[in-house]
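As a plain string of letters, each chain reads:
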Amino acid sequence: MTTTPLRDRASWKALEQHHAEIGGRHLRELFAEDPGRGERMCAEAAGLYLDYSKNRATDETMRLLVELARESELERRRDMMFRGERVNTSERRSVLHVALRMPKGASLVVEGVDVVAEVHEVLDRMAGFAQRVRSGEWKGHTGKPIKNIVNIGIGGSDLGPVMAYEALRHYSRRDLTFRFVSNVDSTDIVEATRDLFADETLFVVSSKTFGTSETLANAHSARDWLVGQLGTEEAVARHFVAVSTNAERVAEFGIDTANMFGFWDWVGGRYSMDSAIGLSTMVAIGPEHFREMLAGFHEMDEHFRTAPLGENLPVLMGLLAVWYVNFFGVQSIGVMPYEQYLKRFPAYLQQLTMESNGKHVTLDGEVVDYDTGPVYWGEPGTNGQHSFYQLIHQGTRLIPVDLIGFGASLNPLRDHHDLLMANVFAQAQALAFGKTEEEVRAEGTDPGVVPHRVMRGNRPTNVLLAQRLTPHLLGALVALYEHSVFTQGTIWGIDSFDQWGVELGKVLAAQITPELESPTDPDLTHDSSTNTLIRHYRALKQS
Ligand code: F6P
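What you see is a predicted model; the values in this text were computed from it and never measured.

### Side note on the nonpolar core
If you look at the biggest cluster of nonpolar residues, it comprises 127 residues, and the most contacted ones within it are Leu 48, Trp 323, Phe 345, Leu 474 and Tyr 481. Not counting residues within four places of it along the chain, the set of residues in contact with Trp 323 comprises Leu 15, His 18, His 19, Ile 22, Arg 56, Ala 57, Thr 61, Leu 65 and Phe 328. If you look at the next biggest cluster of nonpolar residues, it comprises 24 residues, including Val 150, Val 236, Phe 240 and Ala 242.

### Structural notes on the packing of helix α4 (residues 59–71) against helix α14 (residues 313–327)
For the pair α4 and α14, interaxial distance at closest approach is 10 Å and the crossing angle is 100 degrees. Relative to α14, the element α4 lies roughly perpendicular. Each of Thr 61, Met 62, Leu 65, Val 66, Leu 68 and Ala 69 in α4 lies in contact with α14, whose residues at this interface are Leu 316, Leu 319, Leu 320, Val 322 and Trp 323. Split by residue class, the contact of α4 with α14 holds 10 nonpolar, one polar and no charged.

### Remarks on the packing of aromatic side chains
If you walk through the whole model with that rule in mind, you get 23 aromatic pairs. Measuring from ring centre to ring centre gives 6.1 Å for Phe 240 and Phe 253, while their planes differ by 45 degrees; the resulting arrangement is tilted. In this pair, Phe 240 is assigned in strand β8 (residues 240–244) and Phe 253 in helix α11 (residues 247–253), connecting sequence segments 13 residues apart. Accessibility expressed as a relative area gives 1% for Phe 240, which makes it buried. For Phe 253, a relative accessible area of 6% gives the class buried. Ring centres of Phe 388 and Tyr 389 lie 5.5 Å apart, and the angle between their planes is 40 degrees; this geometry places the pair in the tilted category. Geometry around Phe 31 places Arg 37 over its ring, the cationic atom sitting 5.1 Å from the centre. A cation over a ring is seen here: Arg 223 above Phe 253, with NZ or CZ 4.5 Å from the ring centre.

### Looking at the site of the ligand
Near the ligand lie 14 residues; those nearest to it are Ser 157, Ser 207, Lys 208, Thr 209 and Thr 212. The separation between an oxygen atom of the ligand and a polar side-chain atom of Thr 212 is 2.5 Å. Contact between the ligand and Lys 506: an oxygen atom at 2.9 Å from a side-chain N or O atom of the residue. Looking at the shell around the ligand residue by residue, the class counts come to two nonpolar, nine polar and three charged.

### Digging into the sheet that holds strand β10 (residues 332–337)
Sheet architecture is open: six strands sit in the order β1-β2-β13-β12-β10-β11, paired in mixed fashion. In this open sheet, the two edge strands, each paired with only one partner strand, are β1 (42–45) and β11 (375–377). The sheet shows a mean angle of 15 degrees between the axes of neighbouring strands, direction not considered.

### Some thoughts on the pattern of salt bridges
This model, assessed by the stated rule, comprises 32 salt bridges. Close ionic contact of Arg 93 with Glu 91 constitutes a salt bridge, the shortest N to O distance being 3.4 Å. Each member of the salt-bridge network shares a partner with another, and the members are Arg 101, Asp 274, Asp 301 and Glu 482.

### Remarks on the environment of Arg 101
Assignment of secondary structure puts Arg 101 in the loop between α5 (74–83) and β3 (109–110). Distance in space between the C-alpha atoms of Arg 101 and Val 119 is 8.4 Å, their sequence separation being 18 residues. A polar contact of 2.7 Å, which involves the side chain of Arg 101, links it to the side chain of Asp 301.

Criteria and cut-off values
Residues numbered from 1 in each chain as written. Predicted model: local features only at pLDDT ≥ 70, side-chain atom pairs only at ≥ 80, totals over all residues. Heavy atoms only, no water. Core = buried A, V, L, I, M, F, W, Y, C linked by side-chain atoms within 4.5 Å. Buried < 20%, exposed > 50% of the residue type's maximum accessible area, 1.4 Å probe, protein only. Contact = heavy atoms within 4.5 Å. Axes fitted to C-alpha atoms, helices over the stretch in contact; angles between N-to-C directions. Helix = DSSP H or I, 4+ residues; strand = E, 2+ residues; numbered from the N terminus. Parallel < 35°, antiparallel > 145°, perpendicular 65-115°, else oblique. Nonpolar A, V, L, I, M, F, W, Y, C, P; charged D, E, K, R; others polar. Phe/Tyr/Trp six-rings, centres within 6.5 Å; stacked < 30°, edge-to-face > 60°. Lys NZ or Arg CZ within 6 Å of the ring centre and 35° of its normal. Near = heavy atom within 4 Å. Polar contact = N/O pair within 3.5 Å; in protein donor to acceptor, adjacent residues only side chain to side chain. Pairing = 2+ DSSP bridges. Salt bridge = Lys/Arg side-chain N within 4 Å of Asp/Glu carboxyl O.

Here you go:
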């Protein structure tokens, strides 16, 4: 890795200087001085068109950011990742989600193993299973075909499957019901199963470690529910399959490992929707569509791997995020898909971006002296426009926004789609250019109201356009954000692939659980707030 600390790099210093010069400039001026920027500041790959011209950046900004990427050794680290080197240093693991979507016949040998061959072996087994469920050949314990598929998992073992199911619902089997249970709150599983018949229901227990307490609690309750309805433990074999890297724990739970689909420690949870964790997705949309999705991922991977940095979509988006976070003090980035099927995409991105780049030490363990991962959030348009967009337009914070739109709806109706897309372009325009005091006055506005109606503008957007939402496009879109996250993490010199920050809460919850369950008053040795809260809860529980 690069030895020069981030803030001492020549390109960083040049960017500081450059920011002092252009940071205050308005997008109105930038467009007036350079009317061609809308045609020029764009890039295209894997069916995605990116317009980044409405960013507070010039050609010089982009040149310096690319220089920063070079000086941060982005290309070398990217190549290390693609070769299967252990770039997840704190967990001493390779990071090879890109191998999950390499085509059949390709080969990537890592530490003596052809991982692509292994990937396709599992994909073929998944396809066989998905076909059997879809055709009705896979029968439940009483001989009925499966009608309901319930994925039990949390984090990456839930958010990817549920996002992909919702995103690709148009391509899914409508005679099958899909549910996703993640929360240890019992309401989640109770509501997910209350109208289902156990003899037609298949549970896919998805957990990389098969040790996550929420997932195991839900899997045990699902088993109770099933055995309660069907009257025998023997029913479990036809109604439970597992997706995991841990065969031992799967067997311990009582799922036959012949009904287990594996993956590998080099697939991070939040990078796993295209591994066997996508089993429910494959049952929903079929193996062919699943393969199309993998091809979309792969096309974006290849673009990221080979395109020049200045034309590379994930690199451009990642660098712009760094520009705003570190030079404008931006705290959050909005992602607004103008596509109802992508309603869970922002939630999916939250884990991808924040679990990856929410880190405060470098790969060498040094505490950073700059900001790292921003908060990512969002909602589908146009809904957000009628709730929180007010703050983006006129609030005191700068929030760059990605707007995602499509050339055609999968459910065309009257002029809905043009109405939808007009809003994408209108929002980007309003955010960038706003409305000046003179313009407001010229409308004959009551002078007292003028300041309230002024829109200062100069709020940046990226606009992403694609023809329509297909499995291929979804793969490309997810890979775009994955590699943008990698780009950001590389500049910041952090490990984007570990997640130690989630561990302490798990350990403390395991200590507290018996204190909540104890029939007699436990001896509490926490801080006074935690002790009082536990006592209060125990009293509430008994009242
Ligand atoms: O607690 C965080 C986490 O480890 C995520 O990284 C992961 O996606 C999720 O929990 C679920 O883990 P598993 O698939 O092992 O159940």
